[in-house]
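Chain residues, written in single-letter form:
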Amino acid sequence: MSLPAVHIDALSFFHKEDALAALADLNLKVFPGDRVLLVGANGAGKSTLLQLLAGKRMIRHGSARILDKDVFMQTPKGVTFLGTEWAMNPVVRSDIVVSHFLDSVGGYRHKERRDQLLNILDIDLDWHMHQISDGERRRVQLCMGLMVPWDVLLLDEVTVDLDVLVRHDLLEFLKHESETRGATILYATHIFDGLNEFPTHVSHMRDGRFVDAPHTWSAEHPLSLHDLALQWLREDREVRREQEKSGTRSKTRGARTDNGVPTDSEAFYKKYDYSH
């Protein structure tokens, strides 16, 4: 068997040293050609995990290696990370023509792949970045990020702004890249429509841990990915509510039932509420 494309060993991460672990003792092996779907509620740790694998934060507890190199200390080549924050960057919202923008990051050196992605993502090279929609700006981001051949692709909810057709064609492109080049994909998303035949593996994260480590997925599974995700997320919510009742969680979500004692802001606004 080949070496893992991604290898995580006893990985834990804390946003603050005195805080609860954002990731707790994760172990993971992902092999070339795998397409792993990360499923979990908001705050489960998916984005933190992908950011660590992208080398964006230092790992102090455990290790993470991509292509047998430390993701932070050695910065392996062939790794592409695409997340949602890019489209909000003021630089990419300025008056730049898309063709110039792509050339500035080497599009002219990868013309064949660039043109293929321009067609898949239905991009107009004459668009001005400050005039287009968030979805169109997202397409430009994807073209920019994918036109250089990659070995490991880390996707953090990056298809959220795309229309159904463009998203479908993009996923077909990524699947083809995986199958023909042995490229590896880790994809965190909350959109499961049309995704049934995309992943080779699915995993379930909760509170920074793998409830179900990546295991083989088949489109013949009795449940669709959408239904399976609903089942997992309902389980997560019930676990959290039981923890809130037992006191193992210090904070309770939802409406508060504290005998009608108002919050400070409620008391303030009632004092100056002249609508009655």
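Given the structure is predicted, the values throughout are model-derived calculations rather than measurements.

Cut-offs used in this document
- Numbers given to residues run from 1 along each chain, matching the order in which its sequence is written.
- A pLDDT threshold of at least 70 governs which residues receive local features in this predicted model, and a stricter bar of 80 or more applies before side-chain atom pairs are shown or counted, although totals over entire chains, interfaces and linings include all residues.
- To obtain the side-chain values, all non-hydrogen atoms of the structure were included, while hydrogens and water were left out.
- Comment: elements are numbered from the N terminus, with helices defined as DSSP H or I runs of at least four residues and strands as E runs of at least two.
- Relative accessible area decides the class of each residue, using a 1.4 Å probe on protein chains only: under 20% of the type maximum gives buried, over 50% gives exposed, and in between gives partly exposed.
- Here, two residues are considered to be in contact whenever any of their heavy atoms come within 4.5 Å of each other.
- The convention is simple: Lys and Arg are positive, Asp and Glu are negative, and His and the chain ends are not counted.
- Note on charges: their place is set at NZ of Lys, CZ of Arg, CG of Asp or CD of Glu.
- A score between 0 and 100, pLDDT records how confident the predictor is in each residue.
- Whenever a nitrogen or oxygen atom comes within 3.5 Å of another N or O atom, the pair is scored as a polar contact, on the condition that within protein one atom can donate a hydrogen and the other can accept it, and that pairs from neighbouring residues in sequence are kept only if both atoms are in side chains.
- Candidates for patches are residues over 30% relative accessible area with no salt bridge; among them, like charges are joined within 9 Å and nonpolar side chains (Val, Leu, Ile, Met, Phe, Trp, Tyr) within 5 Å.
- The accessible surface values rely on the Shrake-Rupley method and a 1.4 Å probe; as for residues, cover is taken only from the protein chains in view.
- A side-chain nitrogen of Lys or Arg and a carboxyl oxygen of Asp or Glu constitute a salt bridge if their distance falls within 4 Å.
- Each helix should span, by expectation, one fewer than its residue count multiplied by 1.5 Å.
- By construction, the arc corresponds to the directions joining the helix axis to the C-beta atoms.
- The criterion for strand pairing is that DSSP finds at least two bridges linking the strands in question.
- Comment: axis = line fitted to C-alpha atoms, over the contacting stretch for helices; angle = value between 0 and 180 degrees taken between N-to-C directions.

K.L.:
Explain the overall build of the chain to me, please; I cannot follow it from the model alone.
P.N.:
When helices and strands are counted, the chain shows 7 helices and 10 strands. Along the first, second and third principal axes, the C-alpha atoms of the chain reach 65 × 55 × 40 Å. Counting only residues that meet the buried cut, the chain has 42% of its 276 residues in that class. Taking contacts inside the chain between residues at least 6 apart in sequence as the whole, the part at least 24 apart equals 69%. The average position of the 34 basic charges and that of the 41 acidic charges among the side chains of the chain differ by 5 Å.

K.L.:
Just checking my understanding: could you explain the confidence of the model for the chain for this structure?
P.N.:
Here the chain shows a mean pLDDT of 90. Residues at 70 or above account for 94%. By mean pLDDT, the top-scoring element of the chain is strand β8 (residues 184-188) (98), and the lowest-scoring one is helix α7 (residues 264-271) (70).

K.L.:
Any chance you could explain the side chain of Q141 here in plain terms?
P.N.:
Following the sequence through the fold, Q141 ends up in helix α4 (residues 134-146). Since its relative accessible area comes to 2%, Q141 is described here as buried. Reaching out from Q141, the side chain makes a polar contact with the side chain of R138 at a distance of 2.8 Å. Dropping the residues within four chain positions of it, Q141 is found in contact with L82, G83, W86 and V158.

K.L.:
How do you make sense of a nonpolar patch on the surface when you look at a structure like this?
P.N.:
Together, F268, Y269 and Y272 line one region of the surface with nonpolar side chains, adding up to about 370 Å² of accessible area. Among the structural elements, F268 can be located in helix α7.

K.L.:
Is there a simple way to explain helix α6 (residues 225-246) in this structure?
P.N.:
Since there are 3.6 residues in each turn of an α-helix, residues three or four apart along the chain are aligned in direction. Over its 22 residues, α6 extends 32 Å from the first C-alpha to the last, a length consistent with the 32 Å expected when each residue adds 1.5 Å. Along α6, the residues that are buried comprise L225, L228, A229, W232, D236, R240 and E244. Angularly, the buried residues of α6 cover 150° about the axis, an arc narrow enough to put them on a single face. More than 90 degrees from the buried face of α6, the exposed residues found are R234, K245 and S246. In this fold, the buried residues of α6 make contact with β3 (35-39), β9 (201-206) and β10 (209-216).

K.L.:
Hey, could you run me through the pattern of salt bridges in this one?
P.N.:
Side-chain pairs of opposite charge can arise whenever the charged atoms involved come near each other. Following the criterion strictly, the structure yields 14 salt bridges and no others. Here K111 ties to D115 by a salt bridge, and the two come within 2.7 Å at their closest N and O atoms. Placement of the pair is K111 and D115 together in helix α3 (residues 111-120), with a separation of 4 residues, close to one helical turn. Note on K111: relative accessible area 47%, which makes it partly exposed.

K.L.:
For this particular structure, what's the right way to read the sheet that holds strand β2 (residues 23-30)?
P.N.:
Two orientations exist for strands paired in a sheet by backbone hydrogen bonds: parallel and antiparallel. Strand order in the open sheet formed by 4 strands is β2-β1-β4-β5, with antiparallel pairing between adjacent strands. What marks the edges here is a single partner per strand, and that holds for β2 and β5 (69-70). As defined by bridge partners, strand β1 (residues 6-13) adjoins β2 across 5 bridges and the pair is classed as antiparallel. Bridged to L11 within β2 is L26. Strand contacts of helix α1 (residues 46-53): β1, β2 and β4 (61-66), with the helix running at about 120° to β1, the strand carrying the most contacts.

K.L.:
Looking at this structure, I do not really get the sheet that holds β10. What am I missing?
P.N.:
Within the open sheet, the 6 strands sit side by side as β6-β7-β8-β3-β9-β10. Their pairing is mixed. Every interior strand has two partners, whereas the edge strands, β6 (79-82) and β10, have only one. On average, each strand axis in the sheet is tilted by 15° relative to the strand beside it, whichever way the strands run. Sheet topology places β6 next to strand β7 (residues 152-156); 4 bridges connect them, and they run parallel. Residue pairing for β7: V79 is matched across the bridge by V152. Each of β3, β6, β7, β8, β9 and β10 is contacted by α1, which is oriented at about 145° to β7, the strand it contacts most. Set on the sheet, helix α5 (residues 164-181) makes contact with β3, β7 and β8; between it and β8 the angle comes to about 145°.

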